[in-house]
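# Architecture and fold: a report
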Amino acid sequence: MPQTAECFHCGEQLPRGKAIVAVVGGNAHEVCCPGCKAVAEFIDGNDLGSFYRFRSQPHSGMDLRPEKVAYQAYDSEDMRQRYVHEAAGRAESTLDIGGMYCSACAWLLDAALGRHDAIRSVDINPATRRAVIGWDIDTLSFSDLLRAIADVGFKPQPVGQDQKDELQEYEYRLALKRLIVAAAAGMQVMMFAVALYAGDFFGIEPGVQKFLRNVSLLVALPIVFYSATPFFRGAWRGIRARMPGMDLPVSIAIIAAFGASLRAVWLDSGDIYLDSVAMFVGFLSATRFMEMRARHRSDSFAMALARLLPDTAIRLVDGVQETVALDRLRVGDTVIIRPGDVIPVDGVMISGRLFVDESMLTGESLPLMREAGMPVYAGASNRVGSGYVRVTLTGASTNLAEIGRLLERAKADRPPIALLADRVASRFVIAVLFIATATGLAWAILDPTRVFEVVLATLVVTCPCALALATPATLAAAASRLAASGFLLVRSRILEVLRPGATIVFDKTGTLTRGRPAVLETRLMSDNPRADERFCSELAAALESTSEHILARAFKAVRQVDEFDVRNAQPEAGKGVAATVANVRYRIGSFDYVKELADHHAAADTPGNATRVYLGCESGFLAEFVIGDELRADARQALDSLRQSGYQVAIASGDQAAVVADVAEKLGVDDWHAALTPTAKLEFVQARRRSGESVIMIGDGINDAPVLAAADASIALDAGTALARASADAIALGRRLMSIVDAASVAGQARRIVRQNMAWAIAYNLAAVPLAATGVLSPWMAALGMSLSSLLVVLNALRLHHYGRAPQKATSVSLDPTLSESAAT
């Protein structure tokens, strides 16, 4: 049995006394405790032993020992409400996985959870230690899920929306400290290097030269042993996983240059390369710091929303107001919203009128009017008015929390172009090492005294940092830019598919149209000057407010006034509503129903593709209202823009042919298909794909989920169902279809920037390698060139943050009710 000083599983020091042995792969290994023994043998017994071959080596401070935790408390209503989103027996939660520190750990967790029948989805990002897990809550409780993860040796910790920026804040502070140390110490090293170079040309006292070399070495120590440690860890992780990355040649160059300098200072003979080390680490740290900030910006808007949520809310119980923590709110509670309040939960207005600012949620620039029966969302700010809201969703189930989970899933996603870049960079690393070795052998024959200098310059100048950063930096910048304009990436592959020549298939109801009845036209039928359009519309809205019929919703957007005192309302199923207003009997409904009251003959128009509702009284007909599913305000503009950009546009709807034809005609679409069942929609998209077309599906309903998943890429509207959003590659927030046009433009620019970055990285290496290999470039020149090349790639990617944005002018937002109401409609 091999004797080790550290636990085979967790890397902790072995205790004295009787050895505890775990059998893994047929071999006996010492572990520190019975828990590590159980976990190690569990991993081996479930054919997961590959974990120990590919993981990074554990070290002290990375505690993998299983810990007995009372997870039962997480099954309480308060805990589940805060951390778990539940819908139709399905649950989803974001967890911080303690003890995860490499891709092998992520593989182990994914493989172990995949053996549970109740687990439906596992999305893991080892870089952030976050996992978004979906499961059947009726089969597997929340506490059992946490125990299942703990049984593998990890420490799961549920993450609330307000905790998601803690890890980023820690990463930012640590990277900033390393950068400051590298910059401050590097400037001092460079100052000493200038003096030493000047001494080589003009002469220098040997004692002064030795002093400057010794001081340079001391100042360089924190650069190598603090600022450069991320490169060393990354290199070791790549070696352990048998996937060498760009950190390997970087680490070799740093260690070689520092080792040669240490030897030269110790022996007081030979050249030192501490200026190259300082420049290399400093510039590369700055590049990675900027790339990290670009990644953080991609989901900073959701975190900003989370910080906007108040800690408490005012709840109304039996007429008594009480201030409670958000965790204590339950579905069905009534909360009071006052001017200036941030709405704490998703809910439905009971009474009152609010003008809410949803700009950070949906990109809508104007405050929107919300009154009885209309939804409100957590994170929106109430600018004017007050009202009562009935809670419908809280905690992890809110729209805001769902955006957070989608972002976690998006960060774990690796599109094909990123995977290709990783493979190219990995193979390029091997090529770099081969070129450096070949260069060294050649110079060993030509001029042995310059071997180390030339090999070091070649190794540094050919580091594939620019190649490795070209794609992820661009994807992060694109995600941040799109999120700011109301387009949320879930899977980055859509940036590759969303290109001219692709076919964009739109669902009709709820996608091209608003998905709810609206008054499209009002035609007056009376000569009475008092019965103008405004009077008839407001009177109709007052009468329909007493009805629950679906067509009555068409009048909700019409502002109601108090002068209409509706009495003795009598809704009649399938006909309409009769009521008394100011001692006058009115009816609103079908033509025949109103004609029974109206003592005036009028001919009904041919129904056509829309529904007609009539208003009348005893003196005759007053107005005719054309009711239909109104097109989105920017639908025609969006489709015209897409066609002009080279996209093919089609409509696939389950609605009747006459209705779809009418919408297609208004939007100028020739390729439309009606009366399609969900299965027929799926077959339609699959047939297009088989014919060689690249298909992008845009929809919002439950019946759109299968076809969204089947397309090459898909976009769901934020107003759609959760199932549709879960199946989509991106979500268009708010009411604007133009955000899809904006996304197409940004996707094209992102692809151009990726090509530019890749072309620059390749051209730079083709130009720089011969110069370094022939001894033209010294190590410090190579370090400067490589660092500036990487910096150029990141700065080019960051241009996406401002791409396509119009200059912002200082404007005041009007809160005139008529303006806000029109925006709300």
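Keep in mind that this is a model prediction, so the values were computed, not measured. (Residues numbered from 1 in each chain as written. Predicted model: local features only at pLDDT ≥ 70, side-chain atom pairs only at ≥ 80, totals over all residues. Heavy atoms only, no water.)

### Considerations on the sheet that holds strand β22 (residues 620-631)
Sheets are built from strands that pair by backbone hydrogen bonding, the pairs being arranged parallel or antiparallel. What the 6 strands build is an open sheet, ordered β17-β22-β21-β20-β19-β18; its pairing is antiparallel. Each end of this open sheet is capped by a strand with a single partner; those strands are β17 (513-524) and β18 (566-572). Taken pair by pair, the neighbouring strands of this sheet meet at an average axis angle of 20°, ignoring direction. When strand β19 (residues 576-581) meets strand β20 (residues 584-589), the two strands line up antiparallel, connected through 6 bridges. Of the residues in β20, the one forming a bridge with G576 is G589. (Pairing = 2+ DSSP bridges. Helix = DSSP H or I, 4+ residues; strand = E, 2+ residues; numbered from the N terminus. Axes fitted to C-alpha atoms, helices over the stretch in contact; angles between N-to-C directions.)

### Considerations on the packing of aromatic side chains
Applying the stated criterion to the full structure yields 11 aromatic pairs. Aromatic pair W135 and F142: ring centres 5.7 Å apart, planes at 15°, arrangement stacked. Taken individually, W135 and F142 each receive the classification buried, so the pair is uniform in this respect. A ring pair is formed by F555 and F625, whose centres lie 5.3 Å apart and whose planes are at 85°; its orientation type is edge-to-face. With F555 in the loop between α19 (533-544) and β18 and F625 in strand β22, this residue pair connects regions lying 70 residues apart in the sequence. (Phe/Tyr/Trp six-rings, centres within 6.5 Å; stacked < 30°, edge-to-face > 60°. Buried < 20%, exposed > 50% of the residue type's maximum accessible area, 1.4 Å probe, protein only.)

### Section: the pattern of salt bridges
All chains considered together, the criterion is met by 22 salt bridges. Note that R147 is salt-bridged to D144, the shortest N-O span being 2.8 Å. One end of the pair, R147, and the other, D144, are both in helix α5 (residues 142-151), 3 residues apart, so they sit about a helical turn from each other. Residue classification places R147 among the partly exposed residues on the basis of a relative accessible area of 28%. A relative accessible area of 34% places D144 in the partly exposed class. Ionic pairing is found between R450 and E453, a salt bridge with its closest N-O pair at 3.7 Å. (Salt bridge = Lys/Arg side-chain N within 4 Å of Asp/Glu carboxyl O.)

### A closer look at the pairing of strand β6 (residues 130-136)
Burial runs high along β6: 7 of the 7 residues are buried. The two faces of β6 match: R130, V132, G134 and D136 on one face and A131, I133 and W135 on the other face are all buried. As paired strands, strand β4 (residues 90-98) and β6 are joined by 7 bridges and run antiparallel to one another. The residue bridging E92 from the neighbouring strand is G134, located in β6.

### Focus on the nonpolar core
F487, L498 and I715 are the most contacted members of the largest nonpolar core, which totals 46 residues. Looking at this core element by element, the count peaks at 9 residues for helix α26 (residues 738-773). Discounting residues that sit within four places of it in the chain, L498 has contacts with I504, Y647, I696, A743, A744, A747 and R751. By size, the runner-up hydrophobic cluster in this structure holds 45 residues, among which are V224, V281, V432 and L459. (Core = buried A, V, L, I, M, F, W, Y, C linked by side-chain atoms within 4.5 Å. Contact = heavy atoms within 4.5 Å.)

### Considerations on unusual backbone geometry
For D268, which is not glycine, the phi torsion reads 55° and is therefore positive. By the element assignment, D268 lies in the loop between α9 (247-267) and α10 (274-297). Positive phi outside glycine occurs at D318, with the angle close to 55°. Relative to the assigned elements, D318 resides in the loop between β8 (312-317) and β9 (320-325).

### What about the state of the cysteines?
One pass over the structure, following the stated rule, counts 0 disulfides. Between C536, a free cysteine, and C617, which holds the nearest cysteine sulfur, the sulfur-to-sulfur gap is 9.3 Å. On the basis of relative accessibility, which here comes to 0%, the residue C536 falls in the buried class. (Disulfide = S-S within 2.5 Å.)

### What to know about the sheet that holds strand β23 (residues 648-652)
The strand order β15-β27-β26-β25-β16-β23-β24 describes an open sheet built from 7 strands, whose pairing is mixed. Two strands lie at the open edges of the sheet, namely β15 (487-489) and β24 (672-673), each paired on one side alone. Of the pairings in the sheet, the one linking strand β16 (residues 503-506) to strand β25 (residues 695-699) comprises 4 bridges and is parallel in character. Paired with T503 across the two strands is V695, which belongs to β25. On top of the sheet, helix α23 (residues 678-690) reaches β16, β23, β24 and β25; it is set at about 155° to β25, its chief contact.

### Structural notes on the packing of helix α21 (residues 635-644) against helix α22 (residues 657-667)
Between α21 and α22, the shortest axis-to-axis distance is 9 Å and the interhelical angle comes to 65°. Along the contact surface, α21 presents A635, R636, L639, D640 and R643, while α22 presents E665, K666 and L667.

### A word on the packing of helix α15 (residues 451-461) against α26
At their nearest, the axes of α15 and α26 sit 8 Å apart, and the two run at 175° to each other. When the axis of α15 is compared with that of α26, the two are roughly antiparallel. Counted together, V454, A457, T458 and V461 of α15 and Y764, N765, A768, V769, A772 and A773 of α26 form the full contact between these two elements. Looking at the contact of α15 with α26 residue by residue, the classes come out as 8 nonpolar, 2 polar and no charged. (Parallel < 35°, antiparallel > 145°, perpendicular 65-115°, else oblique. Nonpolar A, V, L, I, M, F, W, Y, C, P; charged D, E, K, R; others polar.)

### So, the confidence of the model for the protein chain
Mean pLDDT over the protein chain works out to 78, with 76% of the residues at or above the 70 mark. In the model, residues 807-825 has pLDDT below 50 throughout and makes 32 contacts with residues more than four positions away in sequence or in other chains. (pLDDT = per-residue confidence, 0-100.)

### Some points on α21
Of the positions making up α21, those classed as buried are A635, A638, L639, S641 and L642. In a view along the axis of α21, the buried residues occupy a sector of 160°, so they form one face of it. Summarising the contacts, the buried residues of α21 are in contact with β16, α18 (508-512), β23, α22 and α26. Phi turns positive, to about 105°, at G646, one or two residues after α21. (Arc of directions from axis to C-beta.)

### Brief notes about the pairing of β23
With respect to burial, β23 is a largely interior element, 4 of its 5 residues being buried. Sheet topology note: the β16/β23 ladder contains 4 bridges and is parallel. Across the sheet, residue V505 finds its bridge partner in β23, namely A650. In terms of strand pairing, β23 meets β24 through 2 bridges, oriented parallel. Of the residues in β24, the one forming a bridge with A652 is H673. Each parallel crossover has a hand, and the one from β23 via α22 to β24 is right-handed. (Right-handed = clockwise from strand over helix to strand, strands pointing away.)

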